[in-house]
Amino acid sequence: MTTTRFAPSPTGHIHIGNLRTALMNYLIARKAEGTFILRIDDTDPERSKEEYVDGIKRDLEWLGLHWDRLERQSERLDRYADAADKLRSMGRFYEAFETPTELDLKRKKQLNMGKPPVYDRAALALSEAEKDALRAERGDGVWRFKLDQERIEWNDGILGDISIDAASVSDPVLIRGDGQVLYTLASVVDDTEMGVTNVVRGSDHVTNTATQIQIIEALGGTVPAFAHHSLLTGPQGEALSKRLGTLALKDLREQGVQPAALLSLMARLGSSDPVELHGDIEDLVEGFDISRFGSAPTKFDAEDLFPLTARYLATLPLEAVASHVAAAGAPDDMAAQFWDVTRENITTLRDLEGWWSLMRDGAEPQIDDEDKEFVAEALALLPDGPFDGDTWGQWTAAVKAQTGRKGRGLFMPLRKALTGQSHGPDMSALMPLLQVVKARS
Ligand code: GLU
C-alpha cells in the first residue's frame, strides 16, 4: 500500500517550503488511496518544542491535510538503538573521536590539496586500546556509518536518474557523542518499519538520500521511491532560505490567505500543469502527477496568493463565512445582503470590516474640485429612505435629467462621494446598505 510521510522537525513554524513537501506527500497518498503519516522528527530535545508540534498540527488542520497516523521519533528511541546495534554487529558502524576543530582542519587541508573534503576514516585504524584512551580523554565518540564505496543510484521521481559516488561522501555520523540519534538514522528506521513507499522532500536532501539508501539496504529494508523537489526562490529568482521564516503558514493565515488559494498554487507551482483555483482538494488530488514537476528552482511570489484568495471567496455562500460577516459587525438580518454586495469586492475576509464600517458610518467622501457643485446638487436630489434596489437608478436618472451629465461623469463622482473610492460593489446593490446616507436622507 502506498504510504507517504511528512516529517517536520518541530524547531520552528512550518513555512511555504515545508508546505510544498507536505502537500506532495499528501497528494500521492490520497491519489493512491494510501496512508499519509505525520511524523514529528523530534530527536533533538534541545531544539524541539511542543508549541511547534501544536503549530504544525494546527497548520495542517487549517489546510485540510489530515494525517492517518501520527508518529513521534522521541517515542521510538529504542528502535533506533536496536538498529545501531545491528549496524555495529555487521561492522558497518564505527566510533570516531575527532573534535570539530580537528575535522575542520582536515577539511581545509583536503581543500588546499584540491581534494573533496571527505572524512578520511582515520578512526577505522584505531586499536581498542587507542579508543579506550580517547574515550577516557574526550568522552564517547560519534558513531559513523561505513559507506560501501561504490556508486549509489536511483531513479528519482523528479530529477530522473541519479548516480552518486559514495567515495565522494563522508561516512555519515548517525549518533552523536552525547548519545543523541541523528535524523539520518532515525528516518531510515522509521521509513522501513512504517512501510513508507514514497518519499518526497527538498533537493537539499539528495546527498542524504544516497547515504540513506545504503543504510536501508544494510538494515534489510526496502528502498522507497524517492523524489526531490526543487527549492523555492523569490519572484526574482533570489534565494528564499533566509526569508522562509517570514513565509510561515501561520503568518499567511493571519494575513487572510485562504487554504484553497495556498493548496491550488502549491500543488501545481513548478510543474508543467497550470495553476487553477480548486476549492475542493479532491480536484487537486485527481490531477496531481509528480513526474510533471521540473528540477529547476521554482519561483514563488506570496502576492499570487491574494488574487486566488479573492476568487475563492467570491464563490462562497454566506454559510461558509457567516462568522466573519458577524465579526465584521453586520447584523444577522443584513448579513446575506452584505455578503452579496461585498464578496466580489474583497481580497481577504479581513476587508469585510472596512466595508461594514463604510456602510455603518459612511466614508470620507472623495469629491474632485470640478465635481463639487455637481455632487452638492445631486445629494439634494437623493430620495427619502428607505433605500432599495431601485434607489440608485431613480436617483441617477433624476440627477441626469437635472444636470445633463451622463455615463462615467455622472456615476463616478457619486460613487466616490458616497463610498470614498472609485471601485467597489454595484451601487444599486450597495445603496440599501448605506446606513448613514439612509439616516441623513
Ligand atoms: N525532519 C527532516 C527535515 O525536516 C525530514 C526530511 C525527510 O523528509 O526525510 O528536513
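Preceding this section is the structure that the text describes.
Residues numbered from 1 in each chain as written. Predicted model: local features only at pLDDT ≥ 70, side-chain atom pairs only at ≥ 80, totals over all residues. Heavy atoms only, no water.

**Thoughts on the overall build of the chain**
This is how it is decided: Strands are runs of DSSP state E lasting at least two residues, helices are runs of H or I lasting at least four, and both sets are numbered from the N terminus onward. With C-alpha atoms as the basis for the radius of gyration, the globule rule is written as 2.2 Å multiplied by the number of residues raised to the power 0.38. Note on exposure labels: buried denotes an accessible area under 20% of the residue type's maximum, exposed denotes more than 50%, and partly exposed covers the range between, all computed with a 1.4 Å probe on protein chains only. It only takes one pair of heavy atoms within 4.5 Å for two residues to be counted as in contact. What sets the accessible areas is the Shrake-Rupley method with a 1.4 Å probe; for residues, cover comes only from the shown protein chains. Positive charges come from Lys and Arg alone, negative charges from Asp and Glu alone, with His and the N- and C-terminal ends not counted. For charged residues, the charge sits on one atom: NZ in Lys, CZ in Arg, CG in Asp, CD in Glu.
Tallying secondary structure elements over the chain gives 19 helices and 12 strands in all. Against the compact-globule benchmark of 22 Å for 441 residues, the chain has a radius of gyration of 31 Å, which places it well outside the compact range. The dimensions of the chain, computed from C-alpha atoms along their principal axes, are 105 × 45 × 40 Å. Residues counted as buried form 47% of the 441 residues belonging to the chain. For the chain, restricting intrachain contacts to residue pairs at least 6 apart in sequence, the fraction spanning at least 24 positions comes to 74%. A total of about 21,100 Å² of accessible surface is found on the chain, and carbon and sulfur atoms cover 48% of it. Seen as two clouds, the 50 positive and the 71 negative side-chain charges of the chain have centres 4 Å apart.

**Re the site of the ligand**
Counted only if it meets this: The nearness test applies per residue and asks whether one of its heavy atoms lies within 4 Å of the molecule or strand. In protein, a polar contact requires one atom able to donate a hydrogen and another able to accept it; more generally it is a pair of N or O atoms within 3.5 Å, and residues adjacent in sequence count only if both atoms are side-chain atoms. Three classes are used, and their members are as follows: Ala, Val, Leu, Ile, Met, Phe, Trp, Tyr, Cys and Pro are nonpolar, Asp, Glu, Lys and Arg are charged, and the others, Gly among them, are polar.
For the ligand, the full set of nearby residues is R5, A7, S9, D41, Y183, S187, R201 and H205. Contact distances for the ligand include 2.7 Å between an oxygen atom and a side-chain N or O atom of R5. The separation between a nitrogen atom of the ligand and a polar main-chain atom of A7 is 2.7 Å. When isolated, the ligand has an accessible area of 300 Å², and the protein chains bury 80% of it. Tallied by class, the residues present in the shell around the ligand amount to 2 nonpolar, 3 polar and 3 charged.

**Details of the packing of helix α1 (residues 16-31) against helix α9 (residues 259-266)**
We apply this condition: Lines fitted to C-alpha atoms define the axes here, with helix axes fitted over just the stretch in contact, and angles between the N-to-C directions of these axes take values from 0 to 180 degrees. The labels follow the angle: roughly parallel below 35 degrees, roughly antiparallel above 145, roughly perpendicular from 65 to 115, and oblique for the rest.
Across the interface, α1 lies against α9 with an axial gap of 10 Å and an inter-helix angle of 70°. Of the possible angle classes, the one that applies to α1 and α9 is roughly perpendicular. Contacts between α1 and α9 involve I16, L19, R20 and L23 from the former and L262, L263 and M266 from the latter. Looking at the contact of α1 with α9, its residues break down into 6 nonpolar, no polar and 1 charged.

**Structural notes on the side chain of R5**
Note that R5 resides in strand β1 (residues 3-6). According to the relative accessible area criterion, R5 is buried, its value standing at 5%. Side chain to side chain, R5 and D191 meet in a polar contact 2.9 Å long.

**Focus on the pattern of salt bridges**
What counts is decided by this rule: What counts as a salt bridge is simple: a side-chain nitrogen of Lys or Arg found within 4 Å of a carboxyl oxygen of Asp or Glu.
Under the counting rule described, the total for this entry stands at 32 salt bridges. The partner of R121 in a salt bridge is D171, with the nearest N and O atoms 2.7 Å apart. One end of the pair, R121, is in the loop between α4 (100-112) and α5 (128-138); the other, D171, is in the loop between β7 (160-165) and β8 (173-175), and 50 residues separate them in sequence. Across this residue pair, the class does not change: R121 and D171 are buried. Measuring nitrogen to oxygen at the nearest pair gives 3.5 Å for the salt bridge that ties R138 to E137. Judged by its relative accessible area of 34%, R138 falls in the partly exposed class. Given a relative accessible area of 60%, E137 falls into the exposed group. Three or more residues joined by partner-sharing salt bridges are found here, namely R5, R39, D41, R76, R79, D82, D190, D191 and E193.

**A closer look at the pairing of strand β3 (residues 69-72)**
Successive residues of a regular strand alternate their side chains across the two faces of the sheet. Quick reminder of the rule: Two strands make a pair as long as DSSP finds a minimum of two bridges between them. Note on handedness: a crossover is taken as right-handed if, strands pointing away from the viewer, the path from the first strand over the helix to the second is clockwise.
Sheet topology note: the strand β2 (residues 35-40)/β3 ladder contains 4 bridges and is parallel. Bridging from a neighbouring strand, I40 pairs with R72 of β3. On the question of chirality, the crossover connecting β2 to the parallel β3 by way of helix α2 (residues 50-63) is right-handed.

**Observations regarding the packing of helix α12 (residues 318-328) against helix α13 (residues 332-342)**
Look at α12 against α13: their axes get within 10 Å of each other, and the N-to-C directions meet at 105°. If you check the angle between α12 and α13, you find them roughly perpendicular. Across the interface between the two elements, L318, V321 and V325 of α12 pack against A335, A336, F338 and W339 of α13. Looking at the contact of α12 with α13 residue by residue, the classes come out as 7 nonpolar, no polar and no charged.

**Side note on the nonpolar core**
Rule in force here: Buried Ala, Val, Leu, Ile, Met, Phe, Trp, Tyr and Cys residues form a nonpolar core when they are joined through side-chain atoms within 4.5 Å.
Grouped together as the largest cluster of nonpolar side chains are 47 residues, with contacts concentrated most on I16, L19, L65, L262, M266 and F300. Broken down by secondary-structure element, the contributors of at least two residues to this core are α1, β2, α2, α8 (249-254), α9, α10 (281-286) and α11 (305-314). Tallying contributions element by element places α1 first for this core, with 9 residues. W355, W356, W395 and L418 belong to the second-largest nonpolar core, a separate cluster that totals 37 residues.

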